[in-house]
Amino acid sequence: MGKFLCKCKNEIKVSGAIPNPIEWLFISDTEYDGYTNPIEPDELYSKMNSFLKCDLCGRLWVFWGGYDNKPTLYMPESY
Ligand SMILES: [Zn+2]
């Protein structure tokens, strides 16, 4: 999966530039709490999941189960 089209037709690049300017990494607070100093960056990186943010519409493509699984799509909503 190198790239795909967002629902707004914008191209979402999964791979390419390193670091990927539209990729965000995250880890649960519970899992992060299990770490003690010093934190090994590569080990922490391996535990994180990613989401890609469409820079046109703001939708988030969240890969809860890694890039081998289908993402969950979140769309901004005004409140
Ligand atoms: Zn979009």
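Scroll up to find the structure this text is about.
Note that this is a predicted model, so its numbers are computed, not measured.

With that out of the way, let us pick up the environment of leucine 52. Mapped onto the fold, leucine 52 is located in strand S4 (residues 49-53). For leucine 52, a relative accessible area of 0% puts it in the buried group. Put simply, leucine 52 and valine 14 are 38 residues apart on the chain and 7.6 Å apart in space, counted from C-alpha to C-alpha. Here leucine 52 is in contact with Phe4, Ile12, Lys13, Val14, Asn20, Ile22, Glu23, Arg59, Leu60, Trp61, Phe63 and Tyr67, once residues within four sequence places are set aside.

Among the structural elements, serine 15 can be located in the loop between strand S2 (11-13) and strand S3 (23-26). Each C-alpha atom, one on serine 15 and one on phenylalanine 4, is 11 Å from the other, the two residues being 11 residues apart in sequence.

Turning our eyes to something else, we now look at the pattern of salt bridges. Taken as a whole and assessed by the stated rule, the structure comprises 1 salt bridge. For glutamate 11, the salt bridge is made with lysine 3, and the minimal N-O distance between the two is 3.8 Å. According to the relative accessible area criterion, lysine 3 is exposed, its value standing at 52%.

Evaluation of the coordinates by the stated rule reveals 6 aromatic pairs. Measuring from ring centre to ring centre gives 4.8 Å for phenylalanine 4 and tryptophan 61, while their planes differ by 70°; the resulting arrangement is edge-to-face. Linking phenylalanine 4 in strand S1 (residues 3-5) with tryptophan 61 in strand S5 (residues 60-63), this pair joins segments that are 57 residues apart in sequence. Neither residue differs from the other here; phenylalanine 4 and tryptophan 61 are each classed as buried. Consider the rings of phenylalanine 26 and tryptophan 64, whose centres lie 5.2 Å apart with planes at 80°: the pair is edge-to-face. Remark: tryptophan 64 occurs in the loop between S5 and strand S6 (72-74) and phenylalanine 26 occurs in strand S3; sequence separation between them is 38 residues.

Taken together, Cys6 (SG), Cys8 (SG), Cys54 (SG) and Cys57 (SG) make up the full set of protein donors to the zinc ion, lying 2.3 to 2.4 Å away. Relative to the metal, the 4 donor atoms surrounding the zinc ion lie at angles of 105 to 114°, and the coordination shape comes out tetrahedral. Donor residues for the zinc ion, ordered by position in the chain, follow C-x1-C-x45-C-x2-C. Looking at cysteine 54, the relative accessible area reads 1%, which means it is buried.

Calculation notes
Every chain begins its residue count from 1, and numbering advances along the sequence as written. Where local features are concerned, this predicted model is filtered to residues with pLDDT of at least 70; where side-chain atom pairs are given and counted, the filter is 80 or more; whole-chain, interface and lining totals use all residues. To get the side-chain values, all heavy atoms of the structure are used, and hydrogens and water are removed first. Each helix is a run of H or I in the DSSP string that is no shorter than four residues. Each strand is a run of E no shorter than two, and both are numbered from the N terminus. When a residue's accessible area, from a 1.4 Å probe over protein chains only, is under 20% of the maximum for its type it is buried; when over 50% it is exposed; and in between it is partly exposed. By definition in these notes, contact holds between two residues if any of their heavy atoms fall within 4.5 Å. By definition here, a salt bridge exists when the distance from a side-chain nitrogen of Lys or Arg to a carboxyl oxygen of Asp or Glu is within 4 Å. Only rings of Phe, Tyr and Trp enter the pairing, Trp through its six-membered ring, and a pair is recorded when the two centres are within 6.5 Å. The plane angle decides the type: under 30 degrees is stacked, over 60 is edge-to-face, the rest tilted. Metal-coordinating donors are taken as N, O and S atoms lying within 2.8 Å of the metal, or within 3.2 Å when the metal is Na, K or Ca; because water is left out, some sites can appear incomplete. The rule is simple: four donors are tetrahedral if all their angles sit between 85 and 135 degrees, four are square planar and six octahedral if opposite donors span more than 155 degrees and the others lie between 65 and 115, and anything that fits none of that is irregular.

Honestly, that's just the spatial picture; any functional story needs more than this.
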